[in-house]
Amino acid sequence: MTNPVPMAEIWRGQLLESLHLGHAVVCDDSGQVVRSWGDPDAVIYPRSSAKMIQALPLITSGAAEKFGLTSEQLALACASHNGAEIHTSRVNSWLTQLGLTDSDFRCGPQLPNDIPARNGLIKTDTSPCQVHNNCSGKHAGFLTLAQHMGAGPEYVEMDHPVQQACLTAFEETTGQDSPCFGIDGCSAPNFATTLTGLARSMAWFASASDRSDRSSSAAQQLVAAMTTHPNLVAGETRACTNLMRAMDGKVAIKTGAEAVFIAIIPEKRLGVALKIVDGATRASECAIAAILVSLGVLDANHPETLKYMNTPIRSRRGIEAGIVRPATELLF
């Protein structure tokens with residue numbers, strides 16, 4: 001067991017005020033670790049960073065083709081969206097396409113992260129619906145797969161065919177048996193794996209064009225959907241959207257709750273997975289940006305990069321008071 005290492009530093013004046021520790025792994029297309037920090041065998045829940053794995057059965061089963069799903073819908077199946085109109089209108093249309101309603105979801109309601117959408121609900125004294133849940137796109141994918149399978153409505157149950165299909169895809173792409181599962185914020189099972197397993201899965205996605213099987217074709221479609229529609233994967237102001245735009249659609253990245261982040265880099269056939277042990281999002285965003293810069297796929301001086309890495313901390317009057325910067329261990 002290797003201890004977590006420094007990944008993000010918060011400096012104020014001349015003092016290191018806070019320090020975030022974590023683990024990270026980079027895997028190549030053979031599934032081998034080419035770089036690691038901390039403990040590559042640390043077992044984690046990938047949370048929403050694994051949504052593209054959960055979306056694989058949607059395509060490999062034939063459900064996506066049967067229902068004529070678009071690349072926008074595939075992007076939403078991988079999304080942790082803001083609940084903005086651009087997201088909810090598309091998910092509602094998807095439900096209509098299935099002949100279903102908001103009540104068929106099992107993700108639970110959530111107040112939108114999108115400020116205009118949130119303000120709109122408050123002004124009209126309207127409660128959020130399940131479609132506002134950041135995972136509603138993933139759940140629309142689950143409902144599509146369940147309908148295609150002729151399976152029952154409780155699609156988040158571990159013994160449901162939808163979740164069994166997700167588990168199979170998860171273990172096949174990580175190359176590991178999942179030791180356990182937890183219940184995610186959207187009530188669906190989330191399967192545990194090691195950082196190496198998660199990075200190996202992302203490298204499998206990154207090298208999908210080298211293979212000709214059905215699963216690899218599905219992986220290519222999902223990566224293309226994410227990189228083509230970064231605004232649907234997260235939304236305005238979000239690191240996933242901003243950094244994918246900064247990389248001109250060449251890299252797919254996805255955050256997960258409790259400071260998990262992944263990257264899929266097809267040009268280099270590399271997969272990245274990281275976890276900040278204290279669950280701080282500011283640290284995971286800084287760390288993934290630093291790793292992407294180090295791998296040569298993100299410009300360190302791009303305005304979007306500077307929102308997360310080497311980012312000034314300002315007082316409420318706008319005075320620069322400190323900086324959020326990556327630990328030197330990440331810069332190689």
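For the structure itself, consult the block above.
Residues numbered from 1 in each chain as written. Predicted model: local features only at pLDDT ≥ 70, side-chain atom pairs only at ≥ 80, totals over all residues. Heavy atoms only, no water.

Peer 1: Would you mind going over the overall build of the protein chain with me for this structure?
Peer 2: In terms of regular secondary structure, the protein chain is built from 13 helices and twelve strands. Expected size for 332 residues packed as a compact globule is a radius of gyration near 20 Å; at 19 Å, the protein chain falls within 12% of this value. Summarising its shape, the C-alpha atoms of the protein chain cover approximately 60 × 50 × 35 Å along the three principal directions. A total of 332 residues make up the protein chain; the buried ones form 57% of that total. (Helix = DSSP H or I, 4+ residues; strand = E, 2+ residues; numbered from the N terminus. Rg over C-alpha atoms; globule rule 2.2 N^0.38 Å. Buried < 20%, exposed > 50% of the residue type's maximum accessible area, 1.4 Å probe, protein only.)

Peer 1: When you look at the nonpolar core in this model, what are you seeing that I'm missing?
Peer 2: Most often, soluble globular proteins have nonpolar side chains that are buried together. Counting residues in each nonpolar core, the largest one holds 109 residues, and the members touching the most others are Phe205, Ile253 and Leu292. Ranked by residues supplied to this core, first place goes to helix 13 (residues 281-294) with nine residues. Here isoleucine 253 is in contact with Met226, Ala239, Cys240, Leu243, Met244, Met247, Phe261, Ile262, Ala263 and Leu292, once residues within four sequence places are set aside. (Core = buried A, V, L, I, M, F, W, Y, C linked by side-chain atoms within 4.5 Å. Contact = heavy atoms within 4.5 Å.)

Peer 1: Explanation requested: the packing of aromatic side chains in the structure shown.
Peer 2: Aromatic ring pairs are described here by two measures, namely the spacing of the ring centres and the angle between the planes. Within the structure shown, the criterion is met by three aromatic pairs. Ring geometry for phenylalanine 142 against tyrosine 155: centres 5.9 Å apart, planes inclined by 55 degrees, an arrangement best described as tilted. Separated by 13 residues along the polypeptide, phenylalanine 142 in helix 7 (residues 136-149) and tyrosine 155 in the loop between helix 7 and helix 8 (161-174) bring together distant segments of the chain. For the pair phenylalanine 142 and tyrosine 155, a shared accessibility class is recorded, and that class is buried. A centroid spacing of 5.7 Å and a plane angle of 50 degrees characterise the contact between phenylalanine 170 and phenylalanine 191, whose relative ring orientation is tilted. Of this pair, phenylalanine 170 sits in helix 8 while phenylalanine 191 sits in strand 6 (residues 189-191), and the two are 21 residues apart along the sequence. Just as phenylalanine 170 is buried, phenylalanine 191 falls in that class too. (Phe/Tyr/Trp six-rings, centres within 6.5 Å; stacked < 30°, edge-to-face > 60°.)

Peer 1: Would you take a moment to explain the environment of proline 112 for this structure?
Peer 2: Along the chain, proline 112 turns up in the loop between helix 5 (85-98) and helix 6 (115-123). Not counting the four nearest positions on each side in its chain, proline 112 is found in contact with Asn82, Gly83, Ala117, Arg118, Leu121, Pro128 and His132.

Peer 1: Just to check I follow, could you spell out empty space enclosed by the protein for this structure?
Peer 2: Picture a little ball the size of a water molecule; that probe, rolled over the atoms, points out where space is still empty. What the rule picks out here adds up to one cavity of 30 Å³ or more. Reported here for the largest cavity is a volume of approximately 50 Å³. Lining the largest cavity, in full, are Gln54, Ala55, Pro57, Leu58, Ala77, Lys138, Gly141, Phe142 and Leu145. Of all elements in the fold, only helix 2 (56-60) and helix 7 reach the threshold of two or more residues within the lining of the largest cavity. Counting residues per element, the lining of the largest cavity draws most heavily on helix 7, which supplies four residues. Looking at the lining of the largest cavity residue by residue, the classes come out as six nonpolar, two polar and one charged. (1 Å grid on protein atoms, 1.4 Å probe; cavity = no way out; pocket = protein on both sides within 12 Å on 5 of 7 lines; lining within 4 Å. Points joined across faces, edges and corners; volume = space filled by probe spheres on them. Nonpolar A, V, L, I, M, F, W, Y, C, P; charged D, E, K, R; others polar.)

Peer 1: How should I be thinking about helix 9 (residues 195-206) in this particular structure?
Peer 2: In a regular helix each residue adds 1.5 Å, so twelve residues correspond to 16 Å; helix 9 covers 16 Å between its end C-alpha atoms and thus fits that length. Of all the residues in helix 9, the buried ones are Leu195, Thr196, Gly197, Leu198, Ala199, Ser201, Met202, Ala203, Trp204, Phe205 and Ala206. (Expected span 1.5 Å × (residues − 1).)

Peer 1: I'm lost on the packing of helix 5 against helix 7 in this one. Help?
Peer 2: Relative orientation and spacing of two packed helices are given, respectively, by the angle between their axes and the distance between those axes. Two elements in contact, helix 5 and helix 7, have axes whose closest approach is 10 Å; the angle formed by their N-to-C orientations is 10 degrees. One way to sum up the angle between helix 5 and helix 7 is to call them roughly parallel. On helix 7, the residues touching Val91, Trp94, Leu95 and Leu98 of helix 5 are Ser136, Gly137, Ala140, Gly141, Leu143, Thr144 and Gln147. (Axes fitted to C-alpha atoms, helices over the stretch in contact; angles between N-to-C directions. Parallel < 35°, antiparallel > 145°, perpendicular 65-115°, else oblique.)

Peer 1: Explanation requested: the pairing of strand 1 (residues 5-12) in the structure shown.
Peer 2: Residues in a regular strand project their side chains so that they alternate between the two faces of the sheet. In this structure, strand 1 lies alongside strand 2 (residues 15-27), joined through seven bridges in antiparallel fashion. Across the sheet, the residue bridging to alanine 8 is histidine 20, located in strand 2. As consecutive antiparallel partners, strand 1 and strand 2 are separated by two residues, and within that stretch glycine 13 has a phi angle of approximately 65 degrees, a positive value. Strand direction decides the pairing type here: strand 1 and strand 12 (residues 320-326), joined by five bridges, are antiparallel. (Pairing = 2+ DSSP bridges.)

Read these as spatial facts, not as claims about activity.
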